[in-house]
Amino acid sequence: MAAPAVGSGGAALTGRSLQRQLQRSNRLRRLQAAALVAPLLLYLLLFFLWPIAGMLWRSIDNPELRQVMPQTASLIQGWEGQDLPDEAVLASFAAELRQSYQDKTLAVAAKRLAYESPGFRSLMFAAARALPETPEGSWRATLTGLDPKWGEPLTWAIIQRAAAPWTPIYLLAAIDHRLDANGGIVAAPADQAIYLGIFLRTFWIALVVTVLCLLLGYPVAYQLAALPPRQSNLLLILVLLPFWTSLLVRTAAWVVLLQREGVINDLLIKLGLIGEPLQLVYNRFGVYVAMTHILLPFMILPLYSVMRGLPPHYMRAAASLGAGPVRAFWRVYLPQTVPGIGAGCLLVFILAIGYYITPALIGGANDQMVSYFVAFFTNQTINWGMASALGAVLLLATLLLFALYARLVGIDRLKLG
Amino acid sequence: MANEAYVRFVDVQKTYDGESLVVRKLNLEVARSEFLTLLGPSGSGKTTALMMLAGFETVTEGQIILDGRPINNVPPHKRDIGVVFQNYALFPHMTVAENLAFPLEMRKIPRAEIETRVKRALDMVQLAEFGQRRPAQLSGGQQQRVAVARALVFEPKLVLMDEPLGALDRQLREQMQYEVKHIHDRLGVTVVYVTHDQSEALTMSDRVAVMHQGRIQQIATPQELYERPDNAFVAKFIGENNRLFGTVRAVDGQSCTVAVDGGEVQALAVNVAGVGSASSLSLRPERVLINPPPGSCANIFDAAVEELIYHGDHTRTRVRTCGCDDFIIKVPNATGRLQLAAGERIRIGWQIEDCRALDMP
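Residues numbered from 1 in each chain as written. Chains lettered and ligands numbered in written order. Predicted model: local features only at pLDDT ≥ 70, side-chain atom pairs only at ≥ 80, totals over all residues. Heavy atoms only, no water.

(A) Quick peek at the layout of surface pockets. All names here are of chain A. Taken as a whole, the largest pocket encloses approximately 690 Å³ of empty space. The wall of the largest pocket is formed by 24 residues, among which Tyr115, Glu116, Ala173, Arg178 and Gln192 lie closest to the centre. Breaking the lining of the largest pocket down by element, the ones donating at least two residues are helix H5 (106-116), helix H8 (153-162), helix H9 (169-174) and strand S1 (177-179). Three or more residues apiece are contributed to the lining of the largest pocket by two domains, here domain 1 (64-164) and domain 2 (195-413). Estimated volume of the second largest pocket: approximately 470 Å³. If you trace the second largest pocket, you find 18 residues lining it, with Met55, Gly354, Gly391, Leu394 and Leu395 closest to the centre. Of all the secondary structure elements, the ones that give two or more residues to the lining of the second largest pocket are helix H1 (2-58), helix H17 (338-353), helix H19 (370-380) and helix H20 (384-408). (1 Å grid on protein atoms, 1.4 Å probe; cavity = no way out; pocket = protein on both sides within 12 Å on 5 of 7 lines; lining within 4 Å. Points joined across faces, edges and corners; volume = space filled by probe spheres on them. Helix = DSSP H or I, 4+ residues; strand = E, 2+ residues; numbered from the N terminus. Domains from an automatic or database assignment.)

The structure is reproduced here in structure tokens:
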């Protein structure tokens, strides 16, 4: 009886130690893998994911009033919207209004309140200048005496909203909506409702450029794939040549080519095809031409890589089965290049919707894309909430398109090279 | 005879670079319902000849005639020839059934009929339940069957096969050889088959054309080819073959005498230039007798056993004789066989008819 017990115990022991050894060797391998990936992962976290998260946060962040008038901001949250806030809230408001006027920080709060209602800026500054140190009777009477607006609950409702920790107004503005007096979401007035049109324009320009790239790039990629490697490598270098010059230079070159006294107009006039110079630049046409040129390699490369991998015997098989060249192409060749088409289109489209410099230099006022307005709010008006909100909506729309693509084509069939 | 030929190559030449000919003066006739194999080593021009027939390569010179009609200028998709490719070339983005339906759709056959014909073709290759799979989900043998079915489903009169079994392992290849052969027998289509595997060619074909350096060396039935090779290349390429080199001493009608190292051999004068010319003698290993009774063979020589290799059904016996030290004799492992040992000295002999005097390779 003893012998089998010892035997099985021994087996269990070796089994356990085997498992431990396996774990140890696996752990070492996992650590090695982690160490290899860690630098890039950290880099991505720090310089890619963190800024994106920061941008998304800024699109709903609402810090101004809470910095300038911290006490009022927290007290006014207790107000239930009936009549006017308590005397304590008004007292705190008056004190912080005067204090911020002296500290010259009032402008920040006034600008933020003006996003909600344009009249606020002058209202705030007028009150700050005229406010006495002690109330005449009550603060309520004092403030109402300065401007009847201070007696309206709406005024205080706006301050309450602007003092909340976060706000939807930027995101709403990015899709042409705003909050009405009661905090309900309504469409923005027609003269301010410009962003949906800009998003639509951005996607339309990107779509046109993608289609142009596909139409121009597909035959080139096909020819490159059909040539013997030595020739195709040489031609591929020509395709990649534009990457060796900066985007700005290439864009400027298009201005030179396309302008009224440019090479193309001169040539057409000399040939007698046109009498007057054509308007080729500072309009949509120029934007399409320049962006297609710049993005074309991103279409050709994935297409080429997929086509290179397609053996010629499929087309021969199709011919032997009775398919003429055109039908063989549609039924046999094209379907097999779908992963390349998908990758190329996705790449070009996503790059195109983020374009800024090219439309800014070559386009007219009606050809500017979302990125232009992001830059405008970041650099010109310093309204980072709005810039972030536009970025967030663009990101969301891009992700939706990507999901749609994954659903239609399948993300595993994407082939980038 | 010429009128009956279904496929004719008339003086066909092919060059890719304008300098060297891949196919030279090819003349070939394939009868209706025949299974003809082009057999040769790589670079012999057999695949090029097939691709010209399929229409994928242009003919540099000469003419190819299909059913009495010159087809040099007919594009491949109008030739109505089924092709089975070496790597099957099944369309990866279509299911098996869609692959089979493809040639029928190209011929604008009604939907209902396509379905019945696809089903019949799948039944023929015993893949009835695989119609909805993709080619990548099938084994090599199954893909091969689909490729054959696809080349036959539109009922072409002629089917070309370009080393279709090359990618399969040996056992499956042998099984598929019989399957393809049976399908050919049943349907009566004309098949032109290309392979470099001689056993495949001998097993399947009605006739085999052995090609080398762009030329047909010999075209004959498998038996004829094995038993009566016309020249040294065919003798060497088909089956196993002992070769002795010597000089022709005398030619007497059908037979001749060739001096080799260690004596004179009586042989059939098949392909000799005349007295005094060099010749290679071809002798099948299974036709060599060990210790024949004196006077029973025209050729009897001394030999020393060098090596014995056991092969199950026979023992390959390597001996040294007539200045050749890799002379192979196949000794069947039958009951009561002679037991040999390495180093033993024996007598070997063969008949005149089993020894063919050929050209020098």
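Now that the structure has been shown, we can carry on.
(B) Representation of the sheet that holds strand S19 (residues 345-350) of chain B in the model. Residue and element names in this part refer to chain B. With antiparallel pairing, five strands are arranged side by side in an open sheet as S15-S19-S16-S17-S18. Each edge of the open sheet is held by one strand with a lone partner, namely strand S15 (289-290) and strand S18 (324-332). Sheet topology places strand S16 (residues 299-310) next to S19; six bridges connect them, and they run antiparallel. From the neighbouring strand, Phe301 faces S19, where its bridge partner is Ile348. (Pairing = 2+ DSSP bridges.)

(C) Quick look at the pairing of strand S10 (residues 215-220) of chain B. Residues and elements named next belong to chain B. In this structure, strand S9 (residues 207-212) lies alongside S10, joined through five bridges in antiparallel fashion. Bridging from a neighbouring strand, Ala209 pairs with Ile219 of S10. Once S9 ends, the chain turns through two residues before running back antiparallel as S10, passing Gln213 with a positive phi of about 50°.

(D) Region of the structure containing the sheet that holds strand S3 (residues 35-39) of chain B. All names here are of chain B. Spatial strand order, S6-S7-S8-S3-S9-S10: six strands in an open sheet with mixed pairing. Either end of the sheet is taken by a strand with one partner, and the two such strands are strand S6 (81-84) and S10. The average angle at which neighbouring strand axes cross in this sheet is 20°, direction not considered. In terms of strand pairing, S3 meets strand S8 (residues 190-195) through five bridges, oriented parallel. Paired with Thr37 across the strands is Tyr193, a residue of S8. (Axes fitted to C-alpha atoms, helices over the stretch in contact; angles between N-to-C directions.)

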